[in-house]
Amino acid sequence: MKISRAVLAVLASLGLLGLAGCSSVAPASSESGQLSVTAAFYPFQFVAERVGGGRVGVTNLTPPGSEPHDLELSPKQVANLGEVDLVIYQQGFQPSVDAAVQTVPPRRFVDTASFLTLRALAEGDSPDGGDDHEQGALDPHTWLDPNNMIAITEQVRDALSAADPASATAFADNAKALIADLTSLDAEYTKGLAGCRRTVFITSHEAFGYLADRYGLRQVGIRGIEPDTEPTAARIAEVQTIARENQVTTIFFETLVSPTVAESVAGDLGLVTDVLDPLEGITDQSRGSDYLEVMRSNLAALQKANGC
Ligand SMILES: [Zn+2]
């Protein structure tokens, strides 16, 4: 169900959103002594769960298996943003979340766009020209660089500690352990992607710009930054030329979106397809049970495709 900002304003003026907070959408954790945290989508859920440990109950606004770019929120989800102890989101990624946070201001929030450096989309990142990318559009896929995840971990640690100062030591310990894991992951990527025979990789959903920038690869997207944009025939031909010129072996697709486009590009060239997971959600189909495992699967897939 889609809720427009105007409808939210009406609900708010009628006091309906506030009322809801007194009944079924009270923080689930209020009686357990846990902090309640709402994460906009999976990678932020992962950080909140790791840093919060047993002291935090985490809710993810994006249901498992659904695609977060065009998430729509229920009135209950919107109302709940005003009730929880912390909301973690990224301004500019999910318009419905941005609107909801404005309408129902959270008590405390971490907006990752406020401290991460977002990369601008190069012109080549927006092949279809259309309305999908305005001038100066920014790439939202910050979490695919483990170093950005470290910065997010630090901010979540600080916000949780402000919400529950008595637990600050536990949050600091948990954050330290997660930062160590992310630092190891970064080192594995740096080592694993050094000296690849090929640096170009082709992906249906252009989510890997931060990863490519960090580890010296070059991403070519079949579609643009939004996973459900259909590429033009001209764009497909252009990508096939790039694939030939760069001896590309593999066309990557992602788990939450149909592989049809990747398969049609690959099929014409006699290439294989493989999964590169943008970690916008975790399901049974994911190659790993959490952020770290899926990122390691992504590393293995890139090494195989690019001869690293
Ligand atoms: Zn995406």
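Residues numbered from 1 in each chain as written. Predicted model: local features only at pLDDT ≥ 70, side-chain atom pairs only at ≥ 80, totals over all residues. Heavy atoms only, no water.

Draft legend 1. Main features of the coordination of the zinc ion. Each protein donor to the zinc ion is listed here as His 69 (NE2), His 141 (NE2), His 205 (NE2) and Glu 280 (OE); together their distances run 1.9 to 2.3 Å. Geometry at the zinc ion is tetrahedral, judged from its four donor atoms and the angles of 98 to 128 degrees they form at the metal. The sequence pattern describing where the donors of the zinc ion fall on their chain is H-x71-H-x63-H-x74-E. Of this pair, His 69 sits in the loop between β2 (56-60) and α4 (75-81) while His 205 sits in the loop between β5 (200-203) and α8 (209-215), and the two are 136 residues apart along the sequence. Judged by its relative accessible area of 5%, His 69 is buried. Exposure remark for His 205: the relative accessible area of 1% places this residue in the buried category. (Donors = N, O, S within 2.8 Å, 3.2 Å for Na, K, Ca; no water. Tetrahedral: all angles 85-135°; square planar, octahedral: opposite > 155°, others 65-115°. Helix = DSSP H or I, 4+ residues; strand = E, 2+ residues; numbered from the N terminus. Buried < 20%, exposed > 50% of the residue type's maximum accessible area, 1.4 Å probe, protein only.)

Draft legend 2. The arrangement of the confidence of the model for the chain in detail. Overall, the prediction assigns the chain a mean pLDDT of 86, with 82% of residues at 70 or greater. Below pLDDT 50 for its whole length, residues 10-29 participates in 20 contacts with residues either more than four positions away or in separate chains. Contacts from residues 125-133, a stretch scored under 50 in pLDDT, to residues over four places away or in other chains number 18 contacts. (pLDDT = per-residue confidence, 0-100. Contact = heavy atoms within 4.5 Å.)

Draft legend 3. Up close: the state of the cysteines. One pass over the full model with this rule turns up one disulfide. Between the sulfur atoms of Cys 196 and its disulfide mate Cys 308 the distance is 2.1 Å. With the S-S bond torsion at 100 degrees, the cross-link from Cys 196 to Cys 308 turns out right-handed. Pair noted here: Cys 196 is in the loop between α7 (168-192) and β5 and Cys 308 is in the segment after α11 (291-306), with a separation of 112 residues, a long-range link. (Disulfide = S-S within 2.5 Å.)

Draft legend 4. Structural detail: the sheet that holds strand β8 (residues 272-275). One open sheet holds the four strands; their spatial order is β6-β5-β7-β8, and the pairing between them is parallel. Both outer strands of the open sheet, β6 (218-221) and β8, are each paired with one neighbouring strand and no more. On average, adjacent strands in this sheet sit at an angle of 35 degrees to one another, irrespective of strand direction. Summarising the sheet, strand β7 (residues 250-253) and β8 pair through four bridges and their orientation is parallel. Opposite Phe 252, over in β8, you have Asp 274 as the bridge partner. Set on the sheet, helix α9 (residues 233-245) makes contact with β5 and β6; between it and β6 the angle comes to about 150 degrees. In this fold α11 packs onto β5, β7 and β8, with an angle of close to 160 degrees to the strand it touches most, β7. (Pairing = 2+ DSSP bridges. Axes fitted to C-alpha atoms, helices over the stretch in contact; angles between N-to-C directions.)

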